[in-house]
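Structural characterization, general
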Amino acid sequence: MSRDILEAMTALAREKGISPEKLMAALEDALLSAYKKLPGAARYARVEVDPETGDFVVIRYRIPKDLEAELLGETIAEESYIDPETGDKVEPQDPEIDPARFEQYRDRIEEIDDTPDDFGRIAAQTAKQVILQRIREAERDMMFEEFRDRVGELITGIVQQSDSRYTLVQLRDRVEALLPKGEQVDGERYDHGQRVKAVIKEVSPSTKGPSIIVSRRDGELIKKLFELEVPEIADGLVEIANVAREPGYRSKSAVISHADGVDPVGACVGPRGSRVRMVVTELRGEKIDIIPYNDEPARFVAKALSPARVREVLVDDESKQATVIVPDDQLSLAIGREGQNARLAARLTGWRIDIKSESDFAATATASEEYEEETGGRCQAVSVRGRRCPNEALPGSPFCGLPKHQALSRFTTAAVAILEPLSDEEITDLADPDKTWDDVVDVVTRAEELYGDQEEVVVDEDAEPEEGEFDDDVAVAAEAPAEDDEAAEVAVEELVEDEPSDDGLEPQPEASEPDGAVEADPETPAGEPAS
């Protein structure tokens, strides 16, 4: 082989950006393929090429029968697989021994020089095809390595083709990306030759090169566009903490400043709104709300509902639920069209948001106060002797936390006597809030029928329970006798607070949701109105 071929290989490696070692290995594989096309060629052989002179040598292996059978047996065991349709074990039809295995048994294998004088036209054509195939594989591997670490990066491409399934975007020469229908924004058109910006969503290898999936719906696109337009974000002085987006309609971005004296919202808006206007233009008119991030959940939720004005925010840290009170004229603005504003705010903050107007919230609070005044805060359960239970009622419930008294919430009467015909298991089912009405209707009907013939007992509100009267329900009289009324109330309150809640019951107020209220769930999918 002449040195011209080596020089051509070196120039090709430089032009394609492929390492000379890979091209030399491709050349050796091409010569080996050409050798095996010759009549009488050995089944197992290798080719060695001198990188200085270009001379090559074909070395054939003469393998003992027993060693060949052993190596073939190992190869078949490694390459066999189970057919998923039939469940049968499938063996390879023409197994080949890995040439690397021959190095382990070189002392038992005889090597013979079998270099041909001329490969011939067919063998030369085979060598050419192998070299070209290896070059293409090397280029695909290089492109995959280039893009595999660029997931989430902003790219600019030119639309080459668009149909109902996907849009083909050319990133550079011989590198194309797919913009699937699911990653496109509804209402956007992608015309041939148009420049579009998108973020790389996924990169995977394929036979035709790296498969690059890009997206125009991902929230990362907004972050990258602001990073492109706002120097403070590129320098790390301002950070976009989170993005909630309904592509094509509206987005909310929470920004935070890491430098004193730098206004994060002003930096993103820019002089006369020039910076945010560039982002809106690239997103084809999608509205963007820029919200200052705050570590205090109440303030963050209030800001997230912008442009609506918020009067008060009540937060529950355990359930991550916030109740927002807004002026009556701001209710529709806080909820947004089809609940969009509330839904985006919930996704931006990660909190469930319940929005109520001032009038509705005041009416709910008044009803709760009237209920507390009527009941005096005490459990409404009445014993068989007509005495009221001394325990304090649970918030929003007419009864205390005892299972027998909670079971009375299923009946129209507060008399404990209605429960006497029932077993302990049936009383537990009645007190269980997870049991539906269909689960307990038979028990309730039977108890009311048995109790129907009895007369209602008269309740004496001012009378104190006699000793032992509530022993079955409240273990307080025998353990902590009180000297006066005030001491008795303290003892009962301490007992109720210390008593474990085995039934896990946490009654909620039965008042219906006021008109105009809306609850936004951060898990609500885009496009579905908040309930």
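As a convention, each chain's residues are numbered from 1 in the sequence order in which they are written. At least 70 in pLDDT is required for a residue's local features to be given in this predicted model, at least 80 for side-chain atom pairs to be given and counted, and no such filter applies to totals for whole chains, interfaces and linings, which use all residues. Side-chain figures throughout are based on the complete set of non-hydrogen atoms in the structure, without hydrogens or water.

**Points about the overall build of the protein chain**
Per the convention used, a helix needs a DSSP run of H or I reaching at least four residues, while a strand needs a run of E reaching at least two, with both numbered from the N terminus. When helices and strands are counted, the protein chain shows 17 helices and 17 strands. For each residue, the accessible area found with a 1.4 Å probe, counting protein chains only, is set against the maximum for its type, and the residue is called buried under 20%, exposed over 50%, and partly exposed in between. Here the protein chain holds 531 residues, and 38% of them are scored as buried. Sequence-distant contacts, at least 24 apart, represent 60% of the contacts inside the protein chain between residues at least 6 apart. Accessibility throughout is a Shrake-Rupley quantity obtained with a 1.4 Å probe, and a residue counts as covered only by protein chains that appear here. Total accessible area computed for the protein chain in this model is approximately 31,000 Å², and 46% of it derives from carbon and sulfur atoms. Note on definitions: a residue-residue contact is assigned when non-hydrogen atoms from the two residues lie within 4.5 Å.

**Notes on helix α9 (residues 274–282)**
Of all the positions in α9, only Arg275, Val276 and Val279 are classed as buried. The arc enclosing the buried residues of α9, seen along the axis, measures out at 90°, which places them on a common side. Buried residues along α9 sit against α6 (220–229), α7 (231–234), α8 (264–269) and β13 (287–292). Within this analysis, the arc is defined by the directions that extend from the helix axis to the C-beta atoms.

**Considering the pairing of strand β12 (residues 250–257)**
Most of β12 sits inside the fold, with 6 of its 8 residues counted as buried. Between any two strands, at least two bridges found by DSSP are needed for them to pair. Where strand β11 (residues 238–246) and β12 come together, 8 bridges link them in antiparallel fashion. Following the sheet pairing, alanine 244 is matched in β12 by lysine 252. In this antiparallel pair of consecutive strands, β11 and β12, the connection spans 3 residues, and glycine 248 shows a positive phi of 90°. With 6 bridges connecting them, β12 and β13 associate as parallel partners. Pairing of serine 253 across the sheet is with isoleucine 290, part of β13.

**Description of the side chain of arginine 275**
Structurally, arginine 275 can be placed in helix α9. Engagement of the side chain of arginine 275 in a polar contact is seen with the side chain of glutamate 232, the distance being 3.1 Å. Once residues lying within four places of it in the same chain are set aside, the contact partners of arginine 275 are Glu229, Val230, Pro231, Glu232, Ala267, Cys268, Val269 and Gly270. Side-chain atoms alone can form a polar contact between residues adjacent in sequence; in general such a contact is a pair of N or O atoms within 3.5 Å, and within protein one must be able to donate a hydrogen while the other accepts it.

**Some words on the environment of leucine 178**
When you line up the elements, leucine 178 lands in strand β8 (residues 175–180). Classification of leucine 178 as partly exposed rests on a relative accessible area of 29%. Sequence separation of leucine 178 and tyrosine 166 is 12 residues, and the distance between their C-alpha atoms is 6.6 Å. Discounting chain neighbours no more than four positions away, the residues touching leucine 178 are Tyr166, Thr167, Leu168, Ile212, Ile213 and Val214.

**So, unusual backbone geometry**
The residue after serine 306, namely proline 307, is reached through a cis peptide bond having omega 15°. If you trace the backbone, proline 307 turns up in the loop between α10 (297–304) and β14 (312–316). You will see that lysine 320, though not glycine, has its phi angle at about 50°, which is positive. Topologically, lysine 320 is positioned in the loop between β14 and β15 (321–326). Lysine 320 sits in the partly exposed class, given a relative accessible area of 39%.

**With respect to the state of the cysteines**
Throughout, disulfides are identified as pairs of cysteine sulfur atoms within 2.5 Å of each other. Within the structure shown, the criterion is met by 0 disulfides. Residue cysteine 400 stays outside any disulfide, its sulfur separated by 3.8 Å from that of cysteine 379, the closest cysteine.

**Regarding the packing of α10 against helix α12 (residues 340–349)**
Helix packing geometry: the angle between the two helix axes and the distance between the axes. The angle between two axes is taken between their N-to-C directions and runs from 0 to 180 degrees, where each axis is a line fitted to C-alpha atoms and a helix contributes only its stretch in contact. At a minimum axis distance of 9 Å, the contact between α10 and α12 shows a crossing angle of 145°. As for the relative orientation of α10 and α12, their crossing is right-handed in sense. The segment α10 lies against α12, with Phe300, Val301 and Ala304 engaging Ala345, Leu348 and Thr349. Considered class by class, the residues forming the contact of α10 with α12 number 5 nonpolar, 1 polar and no charged. For a crossing to be left-handed, the near helix must be turned anticlockwise from the far one by less than a right angle; the clockwise case is right-handed. Residues are grouped as follows: nonpolar covers Ala, Val, Leu, Ile, Met, Phe, Trp, Tyr, Cys and Pro; charged covers Asp, Glu, Lys and Arg; every other residue, Gly included, is treated as polar.

**As for the sheet that holds strand β1 (residues 45–49)**
Judged by pairing direction, the sheet is antiparallel, and its 3 strands sit side by side in the order β1-β2-β5 without closing on themselves. Sheet topology places β1 and β5 (110–113) at the edges, where each strand pairs with a single neighbour. Between one strand axis and the next, the sheet turns through 30° on average, direction left out of account. Bridge count for β1 against strand β2 (residues 56–62) is 5 bridges, and the pairing is antiparallel. Within β2, the residue paired with glutamate 48 across the bridge is valine 57.

**Observations concerning the sheet that holds β12**
Across the sheet, which stays open at both edges, the 3 strands sit in the order β11-β12-β13 with mixed pairing between neighbours. Since the sheet does not close on itself, it has two edges, and those belong to β11 and β13, each with one partner. The average angle at which neighbouring strand axes cross in this sheet is 20°, direction not considered. Contacting β11, β12 and β13, α12 crosses the sheet at an angle of about 135° to β11.

**Observations regarding the packing of aromatic side chains**
The way to describe two aromatic rings as a pair is by their centre distance and the angle between their planes. Here is the rule: rings of Phe, Tyr and Trp (six-membered ring for Trp) pair when centre to centre is within 6.5 Å. Planes less than 30 degrees apart are stacked, more than 60 are edge-to-face, and the remainder are tilted. Counted according to the given criterion, the structure contains 1 aromatic pair. On the numbers, 4.9 Å between centres and 65° between planes, the contact of tyrosine 293 with phenylalanine 300 is edge-to-face. For tyrosine 293, a relative accessible area of 34% translates into the label partly exposed. The buried category is assigned to phenylalanine 300, whose relative accessible area is 6%.

**Overview of the pairing of strand β9 (residues 195–204)**
Consecutive side chains of a regular strand alternate in pointing toward one face of the sheet and then the other. Sheet analysis places strand β6 (residues 154–162) next to β9, joined by 5 bridges and oriented antiparallel. Looking at β9, one finds that threonine 156 is bridged to lysine 197. Where β9 meets strand β10 (residues 211–215), 5 bridges bridge the pair, whose relative direction is antiparallel. Residue serine 204 lies in a different strand from β10, and its bridge partner there is serine 211.

**Digging into the pattern of salt bridges**
Whenever a carboxyl oxygen of Asp or Glu lies within 4 Å of a side-chain nitrogen of Lys or Arg, that contact is scored as a salt bridge. Within the structure shown, the criterion is met by 23 salt bridges. Here aspartate 114 makes a salt bridge to arginine 60, at a shortest N to O gap of 3.6 Å. Pair noted here: aspartate 114 is in the loop between β5 and α5 (120–147) and arginine 60 is in strand β2, with a separation of 54 residues, a long-range link. Of the residues examined, aspartate 114 reaches a relative accessible area of 23% and is grouped as partly exposed. Across the pair arginine 150 and glutamate 146 runs a salt bridge, and its minimum N-O distance is 3.8 Å.

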